[in-house]
Number of protein chains: 2
Amino acid sequence: MAPLFERLTIIGCGLIGSSIALAARRRGLVGEIVVTDRSGPVRERATALKLGDRVTPDISEGVDGADLVIFAVPVLAMGAAVAAAAPHLRPGAILTDVGSVKGSVSDALAAAAPPDVFVVPGHPIAGTEHSGPDAGFAELFEGRWTILTPLAKDDPDYAEAVARLTAFWLALGAQVEVMDAAHHDLVLAVTSHVPHLIAYNIVGTAADLEGVTEGEVMKYAAGGFRDFTRIAASDPTMWRDIFVANKTAVLEVLGRFTEDLQALQRAIRWDEADKLHDRFSRTREIRRGVIALGQDSPESNFGRDRDRKGPPGDGPGT
Amino acid sequence: MAPLFERLTIIGCGLIGSSIALAARRRGLVGEIVVTDRSGPVRERATALKLGDRVTPDISEGVDGADLVIFAVPVLAMGAAVAAAAPHLRPGAILTDVGSVKGSVSDALAAAAPPDVFVVPGHPIAGTEHSGPDAGFAELFEGRWTILTPLAKDDPDYAEAVARLTAFWLALGAQVEVMDAAHHDLVLAVTSHVPHLIAYNIVGTAADLEGVTEGEVMKYAAGGFRDFTRIAASDPTMWRDIFVANKTAVLEVLGRFTEDLQALQRAIRWDEADKLHDRFSRTREIRRGVIALGQDSPESNFGRDRDRKGPPGDGPGT
């Protein structure tokens, strides 16, 4: 099919930026790809991996003439990146991002962008615990959801820009949902941000526990711990920014999590076995839904290596 | 090689019991396998899957003449199961279990068993989120650790029994470690029990959150949540028993977890970004150790389906 955009510029070449470049190229969605990253080593890898037709450190040169610019930097770095690009943006260009927080990021984008471009904040909900240009792969977005949080604008040209960006994400293999930024931030706080925080936290608690060595923690990780170490291996800078930028929703969900955990803690202390059993039974429903919606495979690798023979995908226990 | 035991009886035919049966059979470790389970449907599946030479509901008949008896029932059911077997146990038989808690279970086993058998409590640290006889597979224990917590007995015959049980687990492909029950319970509280509790808890918190539908929680699970739903899909009865039976260690670790989490919460509230970054950076070391020790594969399926092409196994982020 004909390219959807003449020139795509990707600001920031981490896991997401490099995956977008690889997927857009493979699917022929854009005429030209320009990649910018301020890190020399990252640019070297991006060049070696042929992620862009051009790889440059200079944002202003990078965005020159682009009709689609995607900002894929940590969320607290978005505002400055857009400000650096602003004077050189082509009028009518579509500006979007891939930040995991939308409220504060949308404000930063809107404040820094010139009035003659279309700002359409977005967030592809896909990732691995790996970081950097070498971690990218073209299939990352297939079957995953990308959420767009358009600014409130009653403007047919803006609506057209949203439609073009939607077409781009669909062409990358993603499903697209539109919602307001505040709702996005609450949904992600509970499905992603707080789960990452508690994964980081339990790994830290284990490392600090007197009488238990880190070696023991690692040896016996098959008991469930290793899924937490995997999540807690994600990029620290990206996550630091997310918690600062989505403070309100994260603190709200954390408050509820702690309240619920204390109820479980009390049930354990007072041997309220039925209360525990009821709570543990409910969560299976959610698991079934996650599998049914194709957001995970019923054959997980939890508890064994992936190359082992496993049980029937749907044992009586699931 | 010659069978290590003439007759193995497995009490309880869930994921672990059925996996032991399949592995012992495939490796020719025992002359005969008898499986008992009090559930009719489970016995039907066990028979259909040919898990034992005999499948019976009757523990007393099942343990008759066995020189190795493995109790693989929920930890709070261990005492009653051993009591039912006691009058029919062959003198000199080795009695062990696979419970995830060792302190209270060792006491229950020792109290219910006759004096002329050898009680050697054990715990294979392996599992999946699946339950029941259909979930079992012969490779489950390969490369995993089995912890034995022998009773304090200065007795050469008892030492010989421990050595024979160790040989059995090694022959199943496991690595064997010996430690005291209290240390086991603390190590497992932090690497398995509390991680499961907080996974159950966040899934419950998400399900209860007003303004966010369960459908949304499931749709956007790729953000990290799905690893928690996987863990939280484990058998509710087994886990209810574990928390009641390992109350002391679980409450101790939970207290530290909550304390650490509140420190992170405070850092978020007060924008202490550096404190967050430091904490998140530390946990990567642990992840590297888990991979180095072969307790997980660097190519995890977190963030994508397992059949997708992935990035190089060792991206710069790991």
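Structure: above.
Basis of the calculations
- Residues numbered from 1 in each chain as written.
- Chains lettered and ligands numbered in written order.
- Predicted model: local features only at pLDDT ≥ 70, side-chain atom pairs only at ≥ 80, totals over all residues.
- Heavy atoms only, no water.
- Least-squares fit on C-alpha atoms with pLDDT ≥ 70 in both.
- Contact = heavy atoms within 4.5 Å.
- Buried < 20%, exposed > 50% of the residue type's maximum accessible area, 1.4 Å probe, protein only.
- Helix = DSSP H or I, 4+ residues; strand = E, 2+ residues; numbered from the N terminus.
- Pairing = 2+ DSSP bridges.
- Right-handed = clockwise from strand over helix to strand, strands pointing away.
- Polar contact = N/O pair within 3.5 Å; in protein donor to acceptor, adjacent residues only side chain to side chain.
- Nonpolar A, V, L, I, M, F, W, Y, C, P; charged D, E, K, R; others polar.
- Core = buried A, V, L, I, M, F, W, Y, C linked by side-chain atoms within 4.5 Å.
- Axes fitted to C-alpha atoms, helices over the stretch in contact; angles between N-to-C directions.
- Salt bridge = Lys/Arg side-chain N within 4 Å of Asp/Glu carboxyl O.
- Phe/Tyr/Trp six-rings, centres within 6.5 Å; stacked < 30°, edge-to-face > 60°.
- Lys NZ or Arg CZ within 6 Å of the ring centre and 35° of its normal.

**Here we look at the relation of the copies chain B and chain A**
Now for step 1: The transformation that overlays chain B on chain A combines an axial shift of 0.0 Å with a rotation of 180°, and the residual RMSD is 0.0 Å. Expressed as a symmetry operation, the mapping of one chain copy onto the other fits a two-fold axis. For chain B, the smallest separation between a C-alpha atom and the rotation axis is recorded for aspartate 227 of chain B, amounting to 3.3 Å.
Now for step 2: In this assembly the copies share their binding face: 100% of the residues contributing to the interface of chain B also contribute to that of chain A.

**Points about the pairing of strand S8 (residues 145-148) of chain A**
All names here are of chain A.
Now for step 1: Side chains Trp145 and Ile147 of S8 all project onto a buried face; the interleaved residues Thr146 and Leu148 project onto the opposite face, where all are buried too.
Now for step 2: One ladder, built from 4 bridges, connects strand S7 (residues 122-125) with S8; its direction is antiparallel. Following the sheet pairing, isoleucine 125 is matched in S8 by tryptophan 145.
Now for step 3: Taken together, the 4 bridges between S8 and strand S9 (residues 175-178) define a ladder with parallel strand orientation. What sits directly across from threonine 146, in S9, is valine 176.
Now for step 4: Following the chain from S8 across helix H6 (residues 156-171) to the adjacent parallel S9, one finds a crossover that is right-handed.

**Some words on the interface of chain B and chain A**
Now for step 1: Listed per partner, the contact involves 127 residues of chain B and 128 residues of chain A.
Now for step 2: Linking chain B with chain A are 24 residue pairs in polar contact (both at pLDDT 80 or more), by the criterion used here.
Now for step 3: Secondary-structure elements contributing two or more residues to the side of chain B that touches chain A are strand S8 (145-148), helix H7 (181-208), helix H8 (214-219), helix H9 (225-231), helix H10 (236-245), helix H11 (247-269) and helix H12 (273-292) of chain B.
Now for step 4: Here the element with the most residues in the side of chain B that touches chain A is H7 of chain B; it accounts for 21 residues.
Now for step 5: Broken down by class, the residue content of the side of chain B that touches chain A amounts to 56 nonpolar, 38 polar and 33 charged.

**Overview of the environment of threonine 191 of chain A**
Now for step 1: Relative to the assigned elements, threonine 191 of chain A resides in helix H7 (residues 181-208).
Now for step 2: A relative accessible area of 0% places threonine 191 of chain A in the buried class.
Now for step 3: When residues no more than four places from it in sequence are discounted, the contact partners of threonine 191 of chain A are Val217, Tyr220, Gly223, Gly224 and Phe225 of chain B.

**Observations regarding the nonpolar core**
Among soluble globular proteins, nonpolar side chains are generally buried collectively.
Now for step 1: In this structure, Phe71, Leu95 and Phe228 of chain A together with Phe71, Leu95 and Phe228 of chain B are the most contacted members of the largest nonpolar core, which totals 140 residues.
Now for step 2: Ranked by the residues each element gives to this core, the list is headed by H7 of chain A, at 14 residues.
Now for step 3: Those residues in contact with leucine 95 of chain B that lie beyond four places of it in its chain are Val69, Phe71, Val82, Leu89, Ala113, Val117, Phe118, Val119 and Val120 of chain B.

**Topic: the sheet that holds S9 of chain A**
All names here are of chain A.
Now for step 1: Strand order in the open sheet formed by 3 strands is S7-S8-S9, with mixed pairing between adjacent strands. Two strands close off the open sheet at either side, each with one partner strand: S7 and S9. Neighbour-to-neighbour, the strand axes of the sheet open up by a mean angle of 20°, direction not taken into account.
Now for step 2: Packed on one face of the sheet, H6 meets S7, S8 and S9 and runs near 170° to S8.

**Remarks on the pattern of salt bridges**
All names here are of chain A.
Now for step 1: Applying the stated criterion to the full structure yields 42 salt bridges over all chains.
Now for step 2: Lysine 102 serves as the salt-bridge partner of aspartate 97, at 2.9 Å between the closest nitrogen and oxygen. Each member of the pair aspartate 97 and lysine 102 is classed as buried.
Now for step 3: In the salt-bridge network here, residues are joined through shared partners; they are Arg7, Glu32, Arg54 and Glu61.

**Digging into the pairing of strand S2 (residues 30-36) of chain B**
Residue and element names in this part refer to chain B.
Now for step 1: Counting buried positions along S2 yields 5 of 7 residues, so the element is predominantly enclosed.
Now for step 2: Relative to S2, strand S1 (residues 5-11) runs parallel, the two being bridged by 6 bridges. Counted as the bridge partner of isoleucine 11 is threonine 36 from S2.
Now for step 3: Once the chain exits S1 it traverses helix H1 (residues 15-26) before rejoining the sheet at S2, and the crossover so formed is right-handed.
Now for step 4: Pairing geometry for S2 and strand S3 (residues 54-56), over 3 bridges, is parallel. Paired with threonine 36 across the strands is threonine 56, a residue of S3.
Now for step 5: A crossover links S2 with its parallel partner S3, the connecting element being helix H2 (residues 40-48), and its sense is right-handed.

**Focus: unusual backbone geometry**
The phi angle of most residues is negative, glycine excepted, and most peptide bonds adopt the trans form.
Residue and element names in this part refer to chain A.
Now for step 1: At aspartate 271, a position not held by glycine, the phi torsion is positive, near 55°.
Now for step 2: Within the fold, aspartate 271 resides in the loop between helix H11 (247-269) and helix H12 (273-292).
Now for step 3: Judged by relative accessible area, which is 42%, aspartate 271 ranks as partly exposed.

**Considerations on the packing of aromatic side chains**
Given two aromatic rings, their pairing is described by the distance between the two centres and the angle made by the two planes.
Now for step 1: Considering all chains together, one arrives at 16 aromatic pairs over all chains under this definition.
Now for step 2: Stacked on the ring of tryptophan 145 of chain B, the Lys or Arg lysine 219 of chain A has its end atom at 4.2 Å from the ring centre.

**Some points on the sheet that holds strand S7 (residues 122-125) of chain B**
All names here are of chain B.
Now for step 1: Strand order in the open sheet made by the 3 strands is S7-S8-S9, with mixed pairing throughout. The sheet terminates laterally at S7 and strand S9 (175-178), the two strands that pair on one side only. Between one strand axis and the next, the sheet turns through 20° on average, direction left out of account.

**Some details on the side chain of histidine 123 of chain A**
Residues and elements named next belong to chain A.
Now for step 1: Looking at where histidine 123 falls in the secondary structure, it is placed in strand S7.
Now for step 2: Polar side-chain contacts of histidine 123 include one of 3.4 Å to the side chain of serine 100.
Now for step 3: Residues within four places of histidine 123 in sequence aside, it is in contact with Asp97, Val98, Gly99, Ser100, Lys102, Trp145, Thr146, Ile147, His184 and Leu188.

**Describing the environment of alanine 24 of chain A**
Residues and elements named next belong to chain A.
Now for step 1: Tracing the chain through its elements places alanine 24 in helix H1 (residues 15-26).
Now for step 2: On a C-alpha basis, the gap between alanine 24 and valine 34 in space is 12 Å, while along the polypeptide they are 10 residues apart.
Now for step 3: Not counting residues within four places of it along the chain, the set of residues in contact with alanine 24 comprises Leu8, Leu29, Val30, Ile33, Phe168 and Leu172.

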